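Next come the chains, spelled out residue by residue.
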Amino acid sequence: MEVKPNYCKLSIAFSEGTIFMVPKYQRAYSWTKENVDQYCSDMYELYLSSLADNPREHFLGGVVCVKVESDNDLDERNIYQLVDGQQRLSTTVLFFSRLVERMKALNLDVEGAELRERRVGEYGDKFVVLAVEENDKVIRIPRITLSKRDYDFYDNLIRPTTVDVPTTKSHELLLEAKKVIDSYIDKVMADD
């Protein structure tokens, strides 16, 4: 097996056609409030640096994945099984899904609403779902699919549906992560 490290920006990791899948042998979501607080704090610092016209880069951490070969030559999706990095990538997708939902709820004038709709589409289609056309219909596929025990609960968190009652420790952690992210986004929006 050949291992090739590839250092890239987040937007490249979530490039067109890329989907991440957590194999069933991987552990469930395990980031605690402290982990998500640190993640959000890093995102907030990046945001502040961009406002100061001094944008900086941040090392999100390593991700190890294996490309899954498709039997269908027409399938343009690049599917990767996550070996390491599930916590970072699933938190990133959750972060952007919460950002998109907060943006949708803003009351804006016509010009602001047009910009919001562009950003909602841009962030949603880049980091939350992959929009693909199949049989003349556009379908939206989650950018990351967690293992079976977390799949439905996580999918309901990142898409605007009802949130299930947590039944496992990982569900409780995912719900806590959502609350922490919402709190940080509310703080940023209140500061503006």
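Use the structure listed above.
Rules behind the numbers
- Residues numbered from 1 in each chain as written.
- Predicted model: local features only at pLDDT ≥ 70, side-chain atom pairs only at ≥ 80, totals over all residues.
- Heavy atoms only, no water.
- Axes fitted to C-alpha atoms, helices over the stretch in contact; angles between N-to-C directions.
- Helix = DSSP H or I, 4+ residues; strand = E, 2+ residues; numbered from the N terminus.
- Parallel < 35°, antiparallel > 145°, perpendicular 65-115°, else oblique.
- Left-handed = near helix turned anticlockwise from the far one by under 90°.
- Contact = heavy atoms within 4.5 Å.
- Nonpolar A, V, L, I, M, F, W, Y, C, P; charged D, E, K, R; others polar.
- Pairing = 2+ DSSP bridges.
- Expected span 1.5 Å × (residues − 1).
- Buried < 20%, exposed > 50% of the residue type's maximum accessible area, 1.4 Å probe, protein only.
- Arc of directions from axis to C-beta.
- Salt bridge = Lys/Arg side-chain N within 4 Å of Asp/Glu carboxyl O.

**Student:** Would you take a moment to explain the packing of helix α5 (residues 148–158) against helix α6 (residues 169–191) for this structure?
**Tutor:** Each packed pair of helices is defined by two parameters, the angle between the axes and the distance between the axes. Their axes nearest at 10 Å, the elements α5 and α6 cross at an angle of 20°. Overall, the two elements α5 and α6 adopt an arrangement that is roughly parallel. For the element pair α5 and α6, the recorded crossing hand is right-handed. Of the residues in α6, those touching α5 at Arg149, Asp150, Phe153, Tyr154 and Leu157 are Ser170, His171, Leu174, Leu175 and Lys178. Tallied by class, the residues present in the contact of α5 with α6 amount to five nonpolar, two polar and three charged.

**Student:** Got a minute to help me understand the sheet that holds strand β2 (residues 64–68) in this structure?
**Tutor:** Whenever strands of a sheet pair, they do so through backbone hydrogen bonds, lying parallel or antiparallel. The strand order across the open sheet formed by four strands is β2-β3-β1-β6, and the pairing between neighbours is mixed. Either end of the sheet is taken by a strand with one partner, and the two such strands are β2 and β6 (144–145). Sheet analysis places strand β1 (residues 18–21) next to strand β3 (residues 78–84), joined by four bridges and oriented parallel. Bridge pairing links phenylalanine 20 to tyrosine 80 in β3.

**Student:** Looking at this model, I keep getting lost on helix α4 (residues 110–128). Mind explaining?
**Tutor:** Every α-helix carries 3.6 residues per turn, so stepping three or four residues along brings you back to the same face. With 19 residues, α4 extends 25 Å from end C-alpha to end C-alpha; this agrees with the ideal 27 Å at 1.5 Å per step. Among all positions of α4, only Gly112, Ala113, Arg116, Val120, Gly124, Phe127 and Val128 are buried. An end-on view of α4 places all buried positions within 100° of arc, on one side of the element. The outward face of α4, more than 90 degrees from its buried face, is lined by the exposed residues Glu111 and Arg118. On its buried face, α4 sits against α1 (10–13), α3 (86–104), β4 (129–134), β5 (137–142) and α5.

**Student:** Sorry, what's going on with the pattern of salt bridges here?
**Tutor:** Proximity of charged atoms lets side chains of opposite charge pair with each other. Going through the model one piece at a time under the given rule, you end up with eleven salt bridges. Note that aspartate 182 and arginine 98 form a salt bridge whose closest N and O atoms lie 2.8 Å from each other. Separated by 84 residues along the polypeptide, aspartate 182 in helix α6 and arginine 98 in helix α3 bring together distant segments of the chain. Of the two residues, aspartate 182 and arginine 98, neither departs from the other in class, the shared state being buried. Across the pair arginine 102 and aspartate 186 runs a salt bridge, and its minimum N-O distance is 2.9 Å.

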